[in-house]
Amino acid sequence: MHGARWLVILLAWGAGCRPSSETNIAARPLEPPAAAVDLDPDPGRLEVRLVAERASDGSYRYSGARPGPTLRARVGDRVVVHLDNALTDPTTIHWHGVGVPNDMDGVPWVTGTVAPGESFTYAFTVERAGTFWYHPHFDTARQVDRGLHGLFVVEDPSQPALPELLLVFDEPDEGGPHPIHGHGRLGTHWTVNGTETPVAHRLVESGRMRARVLNASNTAYLWLESSDPSSLELRAVAGDQGFDGGPREAPVLVGPGDRVELELGVRSAASLRTRRWSLNGGEVPYAPAVELVRFQVDTTGDLSSSPDWPFSGALPTPDVARTDVLWALMGSDRSGRWTINAEVFPNITPETLPLGRPAIVEVRNMSPTEHPFHLHGFVFELLSRNGVAPPFRTIEDTINVRIRERLRLRVTPERPGDWMAHCHILPHADGGMMTVLRVPPQP
């Protein structure tokens, strides 16, 4: 009892000593991530070259940039990416959330690796608008954390045109261990587009903007909210696969590997911040919020109307009384063993689904921590959480699974091959919480 009492006292003292989001710290200017150079003038084709390299400070970069250059294409474009590996280790590129053929997925045991000094060309057509990203899938936790990641924006010209803000959040540890990484982390030392927080974004005139958000951290979650909703309106209008049936109000959870698109209405000076919640005992704030981006406004503009976002208004697909695949997420940071169905990758039993036929995948979290679950190759529709359907149809490729939660997902395998499914707390995946969904070609 005495030990528990002192632990509570120490935690309270530590929280009280941390700087709050209102601490008067000189804000650095927010710069957008570098833009990839298009090598092909054809408007229906994006061709870029990325060089994976080590910087003088020991971090990794794509073409000298951290985060890597942002790729920007339109629905229907042909995308060609030449990867040159200037590292001393093999690497790959995985196109997270983008529907690509199996041999372009960047998974070593499917596509092989790009050896040091060698090159490989990825080529595919983008079919869905959204905010995606790219990163290695070899020595994944270390290479992503060292800086190999970047945004991949696929535009739909029919969507409302707003000033756009790209926000790549990371809480890097430069490959070092985290003693509590098994439980995920609620980050306190974030960078935004490679700049340490807090950072400032200045608007000449107040108004609305579209913010594309990526959480590139290996382990840390974001709970995004406004420091003052009367000065900074915030709502999520699109998820990791673009627009769904309707918006979500703040706070907005963005797990490791996930993306969200925000509509921001900036009236006057305010901050975008992350609330620090307990991931293991419910949504309970336990310390002051952490400031991420501080907005500064010169003059007042019009915020009277909101854009006409393409919400479908569609309701969830009715669930059916069957389960085609059951994946149980298990493990503990105490044991350091992370599994799916009690199997440690690569010693796993692949699940097989037929090409083109809708299937029901049930994911159960039997562990004492949350897991952002990611499926390669396909999107999935959330049918229910613990038997409760969402308010509108929701399409995802990465979704957080809370403790003791049971998710029902509808998947239609559209491409043959062996596809990874894993936790996107990357030390969990590297530690074994990964499996394979096998889709044979049509006979």
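Refer to the structure printed above.
Below or above, wherever it landed, is the structure these notes cover. The structure displayed is predicted, hence computed values, not measured ones. (Residues numbered from 1 in each chain as written. Predicted model: local features only at pLDDT ≥ 70, side-chain atom pairs only at ≥ 80, totals over all residues. Heavy atoms only, no water.)

Per the stated rule, a full pass over the model turns up 32 salt bridges. Between R415 and E414 there is a salt bridge, with its nearest N and O atoms 3.8 Å apart. Residue E414 is classed as exposed on the basis of its relative accessible area, which comes to 52%. Via salt bridges that share partners, R72, E155, E164, R210, R212 and E261 belong to a single interconnected network. (Salt bridge = Lys/Arg side-chain N within 4 Å of Asp/Glu carboxyl O. Buried < 20%, exposed > 50% of the residue type's maximum accessible area, 1.4 Å probe, protein only.)

What follows is about the sheet that holds strand β31 (residues 406-411). Strand order across the open sheet formed by six strands is β24-β23-β26-β31-β28-β29, with mixed pairing between neighbours. Two strands bound the open sheet, and with one partner strand each, they are β24 (337-340) and β29 (395-396). The pairing of strand β23 (residues 325-332) with strand β26 (residues 359-365) spans five bridges and is parallel. Paired with L329 across the strands is N365, a residue of β26. (Pairing = 2+ DSSP bridges. Helix = DSSP H or I, 4+ residues; strand = E, 2+ residues; numbered from the N terminus.)

On to the pairing of strand β8 (residues 130-135). In terms of residue burial, β8 counts as a mostly covered element, since six of its six residues are buried. Burial along β8 is two-sided: G130, F132 and Y134 facing one way and T131, W133 and H135 facing the other are all buried. As paired elements, strand β6 (residues 94-96) and β8 share three bridges and run antiparallel to each other. The partner of W95 across the bridge, within β8, is Y134.

Glancing now at the sheet that holds strand β30 (residues 398-401). One open sheet holds the five strands; their spatial order is β25-β33-β32-β27-β30, and the pairing between them is mixed. Two strands lie at the open edges of the sheet, namely β25 (351-352) and β30, each paired on one side alone. Note: β25 against strand β33 (residues 434-439), two bridges, orientation parallel. In the sheet register, E351 faces β33, and the bridge partner there is L437.

Before going further, it helps to spend a moment on the environment of T299. Mapped onto the elements, T299 comes out in strand β22 (residues 285-299). Along the sequence, T299 and S206 sit 93 residues apart, while their C-alpha atoms lie 6.3 Å from each other. Beyond its immediate stretch of four places on either side in the chain, T299 contacts V204, E205 and S206. Polar contacts involving the side chain of T299 include one to the main-chain carbonyl oxygen of V204, which spans 2.8 Å. (Contact = heavy atoms within 4.5 Å. Polar contact = N/O pair within 3.5 Å; in protein donor to acceptor, adjacent residues only side chain to side chain.)

Right, let's get into the side chain of N85. Tracing the backbone through its elements, the reader meets N85 in strand β5 (residues 78-85). Residue class for N85 comes out buried when judged on its relative accessible area of 2%. Polar side-chain contacts of N85 include one of 3.4 Å to the backbone oxygen of A115.

The omega torsion across A250 and P251 is 0°, close enough to zero to call that bond cis. Position of P251 relative to the elements: it lies in the loop between β18 (248-249) and β19 (252-254). For the bond from F345 to P346, the omega torsion is 10°, close enough to zero to count as cis. Relative to the assigned elements, P346 resides in the loop between β24 and β25. In this structure, N386 takes a positive phi of about 50° despite not being glycine. Structurally, N386 is set in the loop between β28 (380-385) and β29.

For the rest of this paragraph, the subject is the nonpolar core. Counting 28 residues, the largest nonpolar core has L167, F169, L224, L262, L264, V293 and F295 as the members making the most contacts within it. Of all the elements, strand β20 (residues 259-266) adds the most residues to this core, at four residues. Filtering out sequence-adjacent residues up to four positions away, V293 remains in contact with L30, L167, V192, V199, H201, A270, S271 and L272. Of all hydrophobic cores here, the second largest spans 27 residues; its members include L382, L407, I425 and M433. (Core = buried A, V, L, I, M, F, W, Y, C linked by side-chain atoms within 4.5 Å.)

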